[in-house]
Amino acid sequence: MNRDNQKLFGGRGGNRGGLQNRGSTFRGMSLGRRQVEGGSRGALEVVENEKRGGGDLWLEGVLRGIGRNNLMGLGDGGRGAVRKSGNQGGSERQRHLPMPKAGVGGSQSCTAGSSYSRNSDSTLFGSRGATGIGQCAGAEGRRHDSGESQSHNRLGFTSRDSSPWGPQGARGTGRHNGGSGRRGGNRESSTSRDGVPMGCQDTDRKGHQRGRERQDNRRRDGNDDWQRGKRGSSTSGGGGPRGPQLGFISLQELSEKEPSVVALTLSSHPALPGLLQQTGKSREFVELLCLVLSKAFNSRSNRVTLQRLARILKDSNFFRMTLPHYLAGMRLESIPDHRTVFPQPLKNIVLILKQVLSNFPASSVETGGLLLTLLQTSIDRLRTAGVNIADELMKNMGKLQAMVEHFEEKSREGTLNPRRDNYGLELNFSDEEDEQPAFRTTPIYPAAEEFSEDYRPFLRPNNTSKRYTNTLIYLDTHFRLMREDLVRRLREGIQQLHQVQTEADNTDLKTKHFDDILVYFDVKLESPKCMLTGLAHVIQFDVQPLKFVRWENSKRLLFGSLVCLSSDNFASFLYATVADRNPKDLTKGKVTIMFTEDSRSKLARMEDEQVFVMVETPAYFEAYRYVLEGLQEQDENNMPFQRYIVECATDVWAPAYLRRSDIYNLSSIADDIYKACIRPFHSLNDNAWPQKEVFSLDESQMKALQLALTKELAIIQGPPGTGKTHVGLKIAKAILKNEDLWKDPGRNSPILVVCYTNHALDQFLEGIFKFMHSGIVRVGGRSNSEILKPFNLRELVTLPKFKQKRPSYLNQGFKDIRTELNFLEDEIKNHTRKLQCTLMGVLNDRILQKFMKESHWASLHKPIDLGMWFGKSSLLMEWLGLTPGSVQQMETEDGNGNEDEEVTGMQQDEEVIEIAEEAELIQAERIVEDEIDLGRRKDPKKEREMEEAALKLMQREMLASVDQDDKTSEQTPEEWMFQSKQKKKLKRKVMKEVAKKTVMREEQEQLILDLWQLDMEARWNLYRLWMKRYRADIRDELVISQELYQQEADRYAEIKRQETLLVLQNAKVIGMTTTGAAKYRKALQEVQPHVVIVEEAAEVLEAHIVTALSQECQHLILIGDHQQLRPSSTEYDLEKNYKMGVSMFERLVNMGLPFVRLNQQHRMRPEIASLLTPHIYEDLQNHPSVLNFDNIKGLKTNLFFVEHNQLEKQFKEGKSHQNQHEATFVVALCRYLLLQEYKPEQITILTTYTAQFQCLRKLMPAAQFSGVRVHVVDKYQGEENDIILLSLVRSNTQGRVGFLNISNRVCVALSRAKKGLYCIGNSEMLGQVQLWHNIFSTLKEKDQIGPSLTLCCPNHPERKIQAFRAEDFKEAPEGGCTQPCEFRLDCGHVCASVCHAYDKEHEQYKCLKDCTKILCDLGHKCPQSCYQDCPEECPIKIEKTIPMCGHKQMVPCFQDPSTFLCKMQCQKTLQCGHPCTSWCSMPCTSKCIVSVTLQLRCGHRQEGACFYQTVDDVDDEPLCKTPCKQQLECGHACRGTCSRCYNGRFHLACSYKCDRLLICSHKCTGNCNRDCPPCQKPCENCCVHSKCMKKCGELCSPCNEPCACQCPHQSCGKLCHEPCDRPPCTQPCALTLDCGHPCIGLCGDKCPSECRVCDEDKVTEIFFGTEDDPEARFIRLEDCGHIIEHESMDAYMSMDDDQQADREGQMAIKLKECPKCRTPIRKNLRYGAHVNKSLAAIEMVKKKINGDQVNVKKRSEELKLPLMSLLQEGMLFEAQYLEMERVLKSKQITALDIWVIENKVNFITRIQKLRKVVKDQVVDFRVMTDTFLSWVNNPFQKFTEQQLFDLQRELQRLTLWAEFIVLSSKAAMLRKSNIIETEKQIADEGLKKHGQFTERDQRAVTEALGVMKQKVPVTGLGISDEERKMIVSAMNMRSGHWYKCPNGHVYLITECGGAMEARRCPDCNATIGGQSHRLASGNAVATEMDGARHAAWSEANNLLNFGNLNLD
């Protein structure tokens, strides 16, 4: 081989992988671990090609399973660690790389040989542009040799660049199924075209074998082949289309992309798993792949994406083989240029190794240790060679070393659990950990120690009067405050709950009010719910204590609220957030929550049906979480604007981009008349700015514009109505139109607009839309703007244009994940339905079979076994007493209760006004709708209907419920009687029983022998035990599916984030609410907007703004008003005392940073504005537009404050308040204004408390107030309306005004009205607050305050009404006054209303007086009102006579009585004589249900429905319930009934318990039987070495260990199962007990625990009489624990068997028993000889019972042929055959099993022969034989004495019946039936009689058949035998001349006797005779005529004629 063309690991253009030149041959050699001199064992073997001069090496290693501690001496001077082998004979010796474990049962290494390469430039494993060899792989180690020009990698792919086929390429044929086979059997490897197994990978999931194998099969290394297999698989073919590749060029392109793109592409690329499985890659390829992987791990992608990538990598050949080979070859590299590039790959490998170890330490620590050793060795070698190794790399190596050592230590301790392979995720090996402040590592969720009473958090107040010391302190302060705001209520509430629980019982707890938390009791997980964001759970809580809660408006359980659940008094707990909220469901106590990641893992380990206590804190957790994480991740060195935010510098600089160029062009915001005059100018030059008139701005607005455009941090204060939004839009437009100033060349950087509310965001973005119609992206909650709908992020990502441009890796990721999510959702729903069904009825017995004991399954089916079950309902339902008959008993027990009646007359509340509920408003701000995936949004109604249909289908499959047969078209009479009401009662009973928690203990279950003997309570307890096991099994499967679903949902979230990032990066303006900004914080960090505008900035918490700023932000504009609403926090204490409620806006204003206040308002009329100036704002000017508003109609003044002193009351649920007086007054005033013809949209009612908000709503019916807006003041900032009605609520004797003393809220409340403001409150109390005192002074000056509001009638100006309270508005009931209207209407009537202000022309008025028109000739008047249309026909009802029946009925006047249906009771009498129960006009009933005495065919009488007397079919007759009571063969009375015993033909098996003592000392658990079956209990035989694990009735394997019976004095030399050859030792034990006294036992025996001193009474208790001897020694019997005096016990054990014989002299073979408790002695070394002797005898008896196994096996083989024959003949069903075949193949088959099957075969064979004789001529005979076969083929048939007797009697009946049928048929054919009529009647009566076929019946039938045989010839000739002989003699022909036609008519052929011509039969016209000695078809020799078997002419007949001759 040319050395120039060869490089280590192969080079491009040459042979890569050490393949030889053309003509050379590879010879495979197996590899093993070898002892290497001076080094470790088998660490590495190197084959050196001596012909290459020692330069290039072919490296091979036995790397799998080698720990890093096994590699020694690999550094310089490491002697013998590397073994070199030379090339012999000129050929290069080659070995295959050992393959990794190929899945379960897969091949672990390649076979010894390999195929030949026929191309000198070929590359091993299919490198670029080359052909190669195949390699060994697969589940069973099969070897594949490729063709000449194809290279197949291990996954069966053929590709260029060694890339696997993509999604459309060679695919697997199906899902890999393994483990428990829940999806279809054993795992099958999918194969490619050439048969190479695909997808064979090992898994690191060892525990939870069944579920984990299934999970591994689905997600094996991230490969999606299994998905493709289950959804339309395809096999690989030669010309199939090729999918996305991942070769060298693809990786090079990928390496140049962003890290997050690399991570997502790799993790979702279908070719990655196959690529990583390939080996033999070139050095360049390995280095490139390491570069790409390290770049992916360096990304900011979601941890789930990186974890998935690490999972694919850790099990791959690349990680376990290629990297070790690469590192080992590095130290052998001789080319200096190559060595210099190694440090960078080493750095990449260190990062990769760290990520894999951190994510999966348990399954990768071994390989990681090996790689670490090789890394260190390679670095040492490179350093020795003079290569520079960076200090950073060595530092990372040290960290990696510490990590590996830590994991190895944990692995040795056994705490590194492979089942949950994420130990390392909680580790942090950063050196900077100790240097960081504590908030960096503080968990977001509160820890357990925080709930202790003595816990006090460390907090710092927000600095509002001085600068912060440094950025770390700033971040730490706000982090701690935000976290405390989140967790304080939860912490203090749980502490209070702990305290209350120690003082009260649970009943008191449910009614207890907690200050800080909301508590929910009896919380249960109902069902999982699959959501796009992950797996949620629907929970059920006790809603009874919360009946007072109105969920539509309650702040309870809002979306995103944090809840904490605990089942152990908060010793442990689970965290979750509210994921979905439906008020209708909440009224039923249901809500959807989503657990945190840590809580999900805890939940999976909890038991089913746990009951929790749940506490809720109202904080919106998601917003807190994102902001807190952002604060933790914020780099203090690169925090934007820290000069102002932290250092509070007052000299604000210009934006950085303006310092480069400050030329602005503001023509875009100038008025039209000035646009042409505006020129670009230097914005930093104050004198260059245009005048304010150019932009139509006032002076303050102009200052704000200039400040915002020229300062990098601008603060603009906008009092109410001053146009701050207008100015903000001017600023935004100016910045956008001058984007060249601030945008970086070649990179898009959008403007970010952040608003506190959705309304403000819509308002601002709509303003931007007016001048920019594209490039807007809205991210936030629900939007009411139709204009912005196309710009919502949710809409943008669904546009076809965007989808076309979306990268392929995102498209593929969405497709795969959605498919998987849908599949897993169906699976989860299916499991959930199964769990639901268990609580909805009784499960089918087939479902519960695997959860029952075999003996219980057999016992349950005993009625079927004995033929006592008729299959009309579920056997399990019958066992549980759930039958139609049990309903009567239930009704008797329940009395006449009205349980079925439902309360339907509940009065409905009047529909109230639809207003924006506070809960809805809060949720609208919390929910970011852009995260909803339209592809998964479904119609709730349709989805609910589909789910209900699926559940019903599941119920039909799983449940044996009472309504399973309702769908049948025809019901049986029994089912017909089972009415709907009875079924409801039965169903209710089932639901009640299955919901109970009591179950039978497993110890009790073991003792049950006969299920049918249990009382009903025990039966239900046992059923619930079976159900519990079934639920546990389903729940295990559900947990696995849930884990997989959550993983896929997390992957989806990461891909969705990347999609969002693509949209945001292409936007010009991004609009977000503060909630949206928090959720998309990471995306904003990558988008890096240069300009950020914050609207309502004074309402936003400071931390929200800080985390929304990216490092690239150069311009921040804050717009708001800190004198209106402040930021809201959960904790008022933090807001007030720690200054958390001070916004960044207010803090920076207070710190002296420059700001501009707008001072001209455009909203309020002057008198309203006067309430704000100067009381709140120093200077607020009025714009001319507000001076000309119209006065409010119907009222004296436009502004008024109504005084009162009516007291408030506290709302029941919390700290809110309500005032009924104010509520009724405001509602009455609102109604009055509506009567003045104001539109509802012009009026808004504001209140300061939520409880008042609720009270107002209840008083406002929708019919009157629809359209009127009702709001809480805090939710109305930024809004306005024409008329505002304000209820201030607070009025109490304590003078507490609450937050009405806060000027910010007062400012908002008083500044919302444009034209009219009317307030109501307690001015005396409010006046104590200085602000209100000043406001009241202003009102008094203008006479706008007082105790009453003056109403003015618009029609009668002189009429004025003083309204002190709501009742006073009744003086103006219609908005006018109380005088009558007196307006004459067009109909001539007078308006009946009082004076009204609306509809003065009466155009809408409706006259309600009675109509005076006549409708018919009878003079009936129209019943309608005057304004209504008259009916065409008279509807008045009058009495008429019905012609058909003559009854009188009330019929409408216009209706013909002949068409009316009479409703009188039918007077007819049924044929049976009972009255009809139908209506007169309806047909009479066909079935009379009156109870009468029935005469049954069996002869018994019983009560039943009358119609049974007329049924003809015996199957329709009711079942006879008369007790059988016949004495069985065993001597017991039969416990069956007449019907269940088939009228005595086949009796129910004896159910008396056997209780005989078996040879094993157990009692027989079966029922009465002749021979007891082998014992099925677990064998109790054991010794000191082991325990027999077989069943008791099976032969035990003898223990062949050496006997353990030995002591210092003597020892036994026998085996354990043999009798000991030494006597028991009699020397005292020399040991001392724990109490310090000497042992009372003997040497060599187990010491008794009792002491002669301490336990004197127990030890000296007299039993044998020698116990009180001071020198007495005792033996402890280990089986029962009793101690016996040893001399007496020795004597007892030495008694001969004859001495223990029973009274009849029979010797009992059994174990010796404890003389005290009769427990068999099995385990005792002292008496081992006695025990072994007894056991040997017992084994002999068991062997006899089980039968000689040789003979049994022989008989079982003999039975297989007849069984197969019966199956082929149709006498056996396949299931019956398979069951008997299973028994015959069983290793533990007994003689009894053989005997049972032999009986079945014999009986079935007899029936088969009888059927062949009868040939289905008689239907009754076929039915009888079918019944007989059902008895025989029952799988539980044991052929007891009684059963055998009954079967034999019935078989005798069938045999005689078959003979009777044949004789009758023959007589009919011969037309002689008339001569045997008497005998036929006798035989027919005997054969068809009810009851058993007795011997007397048999004799009578046999005699009748004998007479029939005499009268009817059995020969078939139609003549008697005498006549036959006479005819044969007369014809004088030798044998063989007589023939018969096809119909049996006999004829004669003379001459030679051969047929030579054809004729017609004279009797039947059939062809007779034949041609050329060949009979015509159907003709035959008439053997019955002369006995001949062959024709006379035939050779056969001639030989018979000469049979006596000797022809030899």
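Residues numbered from 1 in each chain as written. Predicted model: local features only at pLDDT ≥ 70, side-chain atom pairs only at ≥ 80, totals over all residues. Heavy atoms only, no water.

S.K.: How would you summarise the overall build of the chain if you had to cite specific residues and measurements?
M.R.: Scanning the chain from N- to C-terminus turns up 62 helices and 46 strands. Looking at the 2008 residues of the chain, the share that counts as buried comes to 52%. Across the chain, the fraction of contacts at a sequence separation of at least 24, relative to all contacts at a separation of at least 6, is 66%. Just so you have it, the chain exposes about 94,300 Å², and 48% of that area is on carbon and sulfur atoms. (Helix = DSSP H or I, 4+ residues; strand = E, 2+ residues; numbered from the N terminus. Buried < 20%, exposed > 50% of the residue type's maximum accessible area, 1.4 Å probe, protein only. Contact = heavy atoms within 4.5 Å. Areas by Shrake-Rupley, 256 points an atom, 1.4 Å probe, with all protein chains shown as cover.)

S.K.: Tell me about the side chain of Ser1478, residues and numbers included.
M.R.: Within the secondary structure layout, Ser1478 lies in the loop between strand S36 (1448-1452) and strand S37 (1491-1495). Looking at Ser1478, its side chain comes within polar contact range of the main-chain oxygen of Pro1483, at 3.4 Å. In this view, Ser1478 contacts Gln1465, Cys1466, Pro1483, Cys1484 and Thr1485; residues no more than four positions away in its chain are not counted. (Polar contact = N/O pair within 3.5 Å; in protein donor to acceptor, adjacent residues only side chain to side chain.)

S.K.: Please provide a residue-by-residue account of the packing of aromatic side chains, values included.
M.R.: Within the structure shown, the criterion is met by 31 aromatic pairs. Arranged with centres 5.0 Å apart and planes meeting at 85°, the rings of Tyr468 and Tyr474 form a pair that is edge-to-face. By relative accessible area, which is 1% here, Tyr468 ends up buried. For Tyr474, a relative accessible area of 1% gives the class buried. Taken together, the ring pairs in this structure connect Phe1546, Trp1795, Phe1803, Phe1828, Trp1831 and Phe1839 into an aromatic cluster. (Phe/Tyr/Trp six-rings, centres within 6.5 Å; stacked < 30°, edge-to-face > 60°.)

S.K.: Mind laying out the sheet that holds strand S17 (residues 1069-1073), listing which residues take part and the relevant values?
M.R.: If you trace the 7 strands from one edge of the open sheet to the other, you get S16-S17-S15-S18-S19-S14-S20, paired in parallel fashion. For this open sheet the edge positions go to strand S16 (776-779) and strand S20 (1156-1157), each flanked by a neighbour on one side alone. Direction of pairing for strand S18 (residues 1091-1094) relative to strand S19 (residues 1115-1120): parallel, over a ladder of 4 bridges. Among the inter-strand pairings, Ile1093 is bridged to a residue of S19, identified as Ile1117. Sheet strands in contact with helix H21 (residues 724-737) are strand S14 (713-717), strand S15 (751-755), S17, S18 and S19, and its direction is about 165° off that of S19. (Pairing = 2+ DSSP bridges. Axes fitted to C-alpha atoms, helices over the stretch in contact; angles between N-to-C directions.)

S.K.: Break down the environment of Phe1265 for me, citing the residues and quoting the values.
M.R.: Structurally, the position occupied by Phe1265 is in helix H46 (residues 1262-1265). Accessibility expressed as a relative area gives 2% for Phe1265, which makes it buried.

S.K.: Go over the confidence of the model for the chain with me, naming the residues and quoting the values.
M.R.: Looking at the chain as a whole, the pLDDT averages 77, with 79% of positions reaching at least 70. Throughout residues 887-910 the model reports pLDDT below 50, and contacts reaching past four residues in sequence, or to other chains, amount to 17 contacts. Note that residues 931-935 has pLDDT below 50 and, in this model, 11 contacts with residues that lie over four places away or in other chains. (pLDDT = per-residue confidence, 0-100.)

S.K.: Please provide a residue-by-residue account of the sheet that holds strand S10 (residues 590-595), values included.
M.R.: In spatial order, the strands read S6-S7-S10-S9-S8-S11; together these 6 strands close into a barrel with antiparallel pairing. Within the sheet, the average angular offset between the axes of one strand and its neighbour, ignoring direction, is 45°. Here strand S9 (residues 574-580) pairs with S10 via 4 bridges, running antiparallel. By the bridge assignment, Thr577 is partnered in S10 with Met594. Relative to strand S7 (residues 534-540), helix H37 (residues 1016-1065) is tilted by about 130°, and along the sheet it contacts strand S6 (518-531) and S7.

S.K.: Explain the packing of helix H55 (residues 1791-1814) against helix H57 (residues 1841-1869) to me, using residue names and the numbers behind them.
M.R.: Look at H55 against H57: their axes get within 9 Å of each other, and the N-to-C directions meet at 15°. Comparing the axis directions of H55 and H57 gives the class roughly parallel. Read as a crossing pair, H55 and H57 show a hand that is left-handed. For the pair formed by H55 and H57, the contact residues are Trp1795, Asn1799, Phe1803, Arg1806, Ile1807, Leu1810, Val1813 and Val1814 on the first element and Leu1844, Leu1847, Gln1848, Leu1851, Leu1854, Thr1855, Ala1858, Ile1861 and Val1862 on the second. Taken together, the residues of the contact of H55 with H57 sort by class into 13 nonpolar, 3 polar and 1 charged. (Parallel < 35°, antiparallel > 145°, perpendicular 65-115°, else oblique. Left-handed = near helix turned anticlockwise from the far one by under 90°. Nonpolar A, V, L, I, M, F, W, Y, C, P; charged D, E, K, R; others polar.)

S.K.: I'd like to hear about a negative patch on the surface, residue by residue, with values.
M.R.: On the surface, a cluster of negative charge is contributed by Asp1668, Asp1669, Glu1671 and Glu1687. Topologically, Asp1669 is positioned in the loop between helix H50 (1656-1659) and strand S39 (1674-1676). (Patch = residues over 30% accessible without salt bridge, like charges linked within 9 Å, V, L, I, M, F, W, Y side chains within 5 Å. Salt bridge = Lys/Arg side-chain N within 4 Å of Asp/Glu carboxyl O. Lys, Arg positive; Asp, Glu negative; His and termini not counted. Charge placed at Lys NZ, Arg CZ, Asp CG, Glu CD.)

S.K.: Residue-level account of the environment of Gly841, with values.
M.R.: By the element assignment, Gly841 lies in the loop between helix H26 (808-838) and helix H27 (845-848). Judged by relative accessible area, Gly841 falls into the buried class, the value being 2%. Sequence spacing of Gly841 and Lys992 is 151 residues, and the spatial spacing of their C-alpha atoms is 9.6 Å.

S.K.: Tell me about the environment of Thr798, and name the residues and values.
M.R.: When you line up the elements, Thr798 lands in the loop between helix H24 (793-796) and helix H25 (800-805). From its side chain, Thr798 meets the backbone oxygen of Glu795 in a polar contact 2.7 Å long.

S.K.: Go over unusual backbone geometry with me, naming the residues and quoting the values.
M.R.: The phi angle of most residues is negative, glycine excepted, and most peptide bonds adopt the trans form. For the peptide bond that leads from Thr1173 to Pro1174, omega is 5°, which places it in the cis range. Inspection of the secondary structure puts Pro1174 in the loop between helix H43 (1166-1169) and strand S22 (1181-1182). We note that Gln1088 has phi near 55°; this positive angle belongs to a residue other than glycine. With respect to the helices and strands, the residue Gln1088 is situated in the loop between helix H39 (1081-1087) and S18. The residue Lys1139 is not glycine, and still its phi comes out positive at about 60°. As for its position among the elements, Lys1139 is in the loop between helix H41 (1132-1137) and helix H42 (1144-1150).

S.K.: Which residues make up the packing of H57 against helix H58 (residues 1877-1887), and what values do they have?
M.R.: A pair of packed helices can be characterised by two numbers: the angle between their axes and the separation between those axes. In the contact formed by H57 and H58, the axes pass within 10 Å of each other and the chain directions differ by 150°. When the axes of H57 and H58 are compared, the pair comes out roughly antiparallel. In this structure, the crossing between H57 and H58 has a hand that is left-handed. Each of Arg1853, Leu1856, Trp1857, Phe1860 and Ser1864 in H57 lies in contact with H58, whose residues at this interface are Lys1880, Ala1883, Asp1884, Gly1886 and Leu1887.

S.K.: Give a detailed account of the nonpolar core, specifying residues and quantitative values.
M.R.: Tyr474, Leu486, Val615, Met1072 and Leu1118 are the most contacted members of the largest nonpolar core, which totals 87 residues. When residues in this core are grouped by element, the largest group, 11 residues, is from helix H13 (residues 471-501). Cys530, Leu843, Met954 and Leu1025 belong to the second-largest nonpolar core, a separate cluster that totals 58 residues. (Core = buried A, V, L, I, M, F, W, Y, C linked by side-chain atoms within 4.5 Å.)

S.K.: Report on the pattern of salt bridges, specifying residues and quantitative values.
M.R.: Inspection of every chain in the model, using the stated rule, returns 63 salt bridges. Salt-bridge contacts for Arg480 lead to Asp476; the nearest nitrogen and oxygen are separated by 2.8 Å. Here Arg480 and its partner Asp476 are both found in helix H13, 4 residues apart, which amounts to about one turn of the helix. With respect to class, Arg480 is no different from Asp476; both count as buried. Taken together, the salt bridges that share partners define one network made up of Glu622, Arg625, Glu629, Glu633 and Arg1081.

S.K.: Explain a positive patch on the surface to me, and be specific about the residues and the numbers.
M.R.: On the surface, Lys584, Lys588, Lys941 and Arg944 cluster together into a positively charged patch. Note that Lys584 resides in helix H15 (residues 583-587). By relative accessible area, Lys584 is classed as exposed at 66%.

S.K.: Summarise the pairing of S7; cite the residues concerned and give the values.
M.R.: Most of S7 is tucked away, with 6 of its 7 residues classed as buried. Pairing of S6 with S7, which is carried by 7 bridges, proceeds in the antiparallel orientation. In the strand pairing of S7, Ser527 is matched with Val538. Direction of pairing for S7 relative to S10: antiparallel, over a ladder of 4 bridges. Pairing of Val538 across the sheet is with Thr592, part of S10.

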